[in-house]
Amino acid sequence: MLWRRSRRWLLIAVAGLVALVAAAVVAVVVFANSTNPLDPDEFYAAPFPLPSGPPGTVIRTEELEQAPEGSKGWKVLYLSRSYTGEPTAVSGLLFVPDSPAPAGGRGVVAFTHGTIGVASHCARSNLGARYYPAIDGLSQFLRAGDVVVAPDYQGLGTRGPHPYLVGESEAWAALDAVRAAGMFEPADAGRRFAVLGASQGGQAALFTGQEAASYAPELALVGVAAAAPATDLKTLFEVNRNGTFGRILSAYTIDTWSRVYPELRIEQLVTRPARPVVRQIANTCIALDRNATIAAAVVSQALRISYLHTLPWETEPWGSLIAENSPGNRKIGAPVLITQGEADRLILPSVTKAYVQHLCRQGETVDYRTYPGVDHVHAGPETAADVAKWITDRFAGMPPPNTC
């Protein structure tokens, strides 16, 4: 009897602690969002009904007050394909160099960004000039005379949900951004394009390569560059399950996938007390936001308590969808550059190496480069110069290196 009473009081105490920490998370998230001017304006509101036209059709543009030196820039809203297969609107940025366009049009570089959040107000295109330094290689590409497009992905800026780490959705947003550049007269864009990204953006870039030939056959992909890409999602979640960022990635994925995939439900994985915490995490943006860093620290502590009752990679249909959204199931067929920091503890170098070996077995042309002392946060910026040079060489038609 005493044991049962003690156990009951222990459960009550744990539940109370979870509720207290959840309340703290809510308070921090509200503070972070209330002090961060990220709420999308009317530019991101898609018209209803959507205009007719093929994917890439430009719905509206807004010239940026500030653009990188030697260029003009626009926010752009364009037609794409939703994760449901229906037409949807996606936002992003488009930069055009001031230099004259060559015969045949400019090359287009699509930049697919890494994890920044899954809420609509996390759209990086809404940051203006604050975002430009995070677009790896932007100045180099503009100096080379290339158009640069940086899609937000579906549900960032525009109405959610954002299909976080859903490879096809990310790829469609990127490919339709390239199409939008071709339809935007001031860009003078041609059909040839390259794509690059780091982390989530690396996964998106690889899926863009996989989807290009079937989804946008009129475009000519010259190369795919991915820095510390999220390739093996199962290992990514498993290895980082007890870390701050790992818990946030898991919460983002569980929340958004339970809304994107009709066969998934949050209660299949998450304990009842932790569900409101996961929902609040999904409303928090990370990277570039100081207050979100504070929120992330509180969230990490909150999710130490009674979080998952079942592991997603061991639970169907979650496990199959995790495998489906890990790149490598289809050939890319264009030159690939993979860069990896040797000090990366989020995307393990051994995992990236295994993915590269998989590409080699598929007969891909792969240039694999590792960087001593580079961690995950710096994987994109520290390798940007090499990536920009590699992409410039692909546009120039030079033979691609192959380390397979």
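Engineer: Tell me about unusual backbone geometry, and please be specific about residues and values.
Structural biologist: Cis rather than trans, the peptide bond between F48 and P49 has omega equal to -5 degrees. The amide bond that connects E316 to the next residue, P317, takes the cis arrangement and shows omega of 5 degrees. Relative to the elements of secondary structure, P317 occurs in the loop between helix 8 (290–302) and helix 9 (318–324). The backbone of S199 shows a phi angle near 60 degrees, a positive value even though the residue is not glycine. S199 gets classed as buried once you look at its relative accessible area, which sits at 15%. Non-glycine residue A228 carries a positive phi angle of around 40 degrees. Assignment of secondary structure puts A228 in the loop between strand 7 (220–227) and helix 5 (233–239). On the basis of relative accessibility, which here comes to 0%, the residue A228 falls in the buried class.

Engineer: Can you explain the state of the cysteines? Please cite residues and give values.
Structural biologist: Taken as a whole, this structure holds 2 disulfides when the rule is applied. Between the sulfur of C122 and that of C285 lies a disulfide, 2.1 Å long from S to S. What sets the handedness of the C122 and C285 disulfide is the S-S torsion sign, and at about -95 degrees it is left-handed. Residue C122 is found in the loop between strand 4 (106–112) and helix 2 (138–143), and its partner C285 is found in the loop between helix 7 (275–281) and helix 8; the two are separated by 163 residues along the sequence. A relative accessible area of 0% means that C122 is categorised as buried. Paired by a disulfide, C360 and C404 hold their sulfur atoms 2.0 Å apart. On the sign convention where negative means left-handed, the S-S torsion of about -80 degrees between C360 and C404 marks this disulfide as left-handed.

Engineer: Run through the side chain of Q203, naming residues and quoting values.
Structural biologist: Structurally, Q203 is set in helix 4 (residues 200–215). Under the relative-accessibility criterion, Q203 is labelled buried at 0%. Only 2.8 Å separates the side chain of Q203 from the backbone oxygen of N325, close enough to count as a polar contact.

Engineer: Tell me what's going on with helix 4, and back it up with residues and numbers.
Structural biologist: A maximum bend of about 30 degrees is found in helix 4 at G209. Counting buried positions along helix 4 yields 14 of 16 residues, so the element is predominantly enclosed.

Engineer: Give a detailed account of the packing of aromatic side chains, specifying residues and quantitative values.
Structural biologist: Scanning the entire structure with this criterion turns up 7 aromatic pairs. Ring centres of Y164 and Y252 lie 5.7 Å apart, and the angle between their planes is 80 degrees; this geometry places the pair in the edge-to-face category. Pair noted here: Y164 is in the loop between strand 5 (147–151) and helix 3 (167–183) and Y252 is in helix 6 (residues 244–260), with a separation of 88 residues, a long-range link. In this pair, the class of Y164 matches that of Y252, namely buried. Residues W257 and Y261 carry aromatic rings whose centres are separated by 5.6 Å and whose planes lie at 80 degrees to one another, so their mutual orientation is edge-to-face. The exposure class of W257 is buried, given its relative accessible area of 0%. Directly above the ring of W172 sits R81, whose terminal nitrogen or CZ lies 4.7 Å from the centroid. Looking at R394, its charged tip hangs above the ring of W390, at a distance of 5.0 Å from the centre.

Engineer: Can you break down the sheet that holds strand 3 (residues 87–97) residue by residue, with the values?
Structural biologist: Spatial strand order, 1-2-3-5-4-6-7-8-9: 9 strands in an open sheet with mixed pairing. In this open sheet, the two edge strands, each paired with only one partner strand, are strand 1 (58–63) and strand 9 (366–371). The average angle at which neighbouring strand axes cross in this sheet is 20 degrees, direction not considered. Relative to strand 7, strand 6 (residues 189–198) runs parallel, the two sharing 7 bridges. Looking at the pairing, G197 lines up with A226 of strand 7. Across the sheet, helix 3 lies against strand 1, strand 2 (71–81), strand 3, strand 4, strand 5 and strand 6, angled at about 125 degrees from strand 2, the strand it touches most. The sheet strands contacting helix 4 are strand 2, strand 4, strand 6, strand 7 and strand 8 (336–341), and the helix crosses strand 6 at an angle near 145 degrees.

Engineer: Pulling in residues and values, what's your account of the nonpolar core?
Structural biologist: Ranked by size, the top nonpolar core spans 47 residues in total, and within it L94, V147 and V149 carry the most contacts. If you tally residues by element for this core, the top one is helix 3, at 7 residues. Other than its neighbours up to four places away in sequence, L94 contacts K72, G73, W74, V76, V147, V148, V149, A181, F184 and A187.

Engineer: Account for the pattern of salt bridges, naming residues and giving values.
Structural biologist: One pass over the structure, following the stated rule, counts 11 salt bridges. In this structure, the salt-bridge partner of K72 is D98, at a minimum N-O distance of 3.6 Å. Here D98 lies in the loop between strand 3 and strand 4 and K72 lies in strand 2, a separation of 26 residues in the sequence. On the basis of relative accessibility, which here comes to 41%, the residue K72 falls in the partly exposed class. Ionic pairing is found between D255 and R279, a salt bridge with its closest N-O pair at 2.6 Å. Note that D255 is positioned in helix 6 and R279 in helix 7, a separation of 24 residues in sequence. Here R279 falls in the partly exposed class, since its relative accessible area comes to 37%.

The rules behind the values
- Residues numbered from 1 in each chain as written.
- Predicted model: local features only at pLDDT ≥ 70, side-chain atom pairs only at ≥ 80, totals over all residues.
- Heavy atoms only, no water.
- Helix = DSSP H or I, 4+ residues; strand = E, 2+ residues; numbered from the N terminus.
- Buried < 20%, exposed > 50% of the residue type's maximum accessible area, 1.4 Å probe, protein only.
- Disulfide = S-S within 2.5 Å.
- Polar contact = N/O pair within 3.5 Å; in protein donor to acceptor, adjacent residues only side chain to side chain.
- Bend = angle between axes of the 7 residues up to and from the residue.
- Phe/Tyr/Trp six-rings, centres within 6.5 Å; stacked < 30°, edge-to-face > 60°.
- Lys NZ or Arg CZ within 6 Å of the ring centre and 35° of its normal.
- Pairing = 2+ DSSP bridges.
- Axes fitted to C-alpha atoms, helices over the stretch in contact; angles between N-to-C directions.
- Contact = heavy atoms within 4.5 Å.
- Core = buried A, V, L, I, M, F, W, Y, C linked by side-chain atoms within 4.5 Å.
- Salt bridge = Lys/Arg side-chain N within 4 Å of Asp/Glu carboxyl O.

Keep in mind that these numbers describe shape and distance, not what the molecule does.
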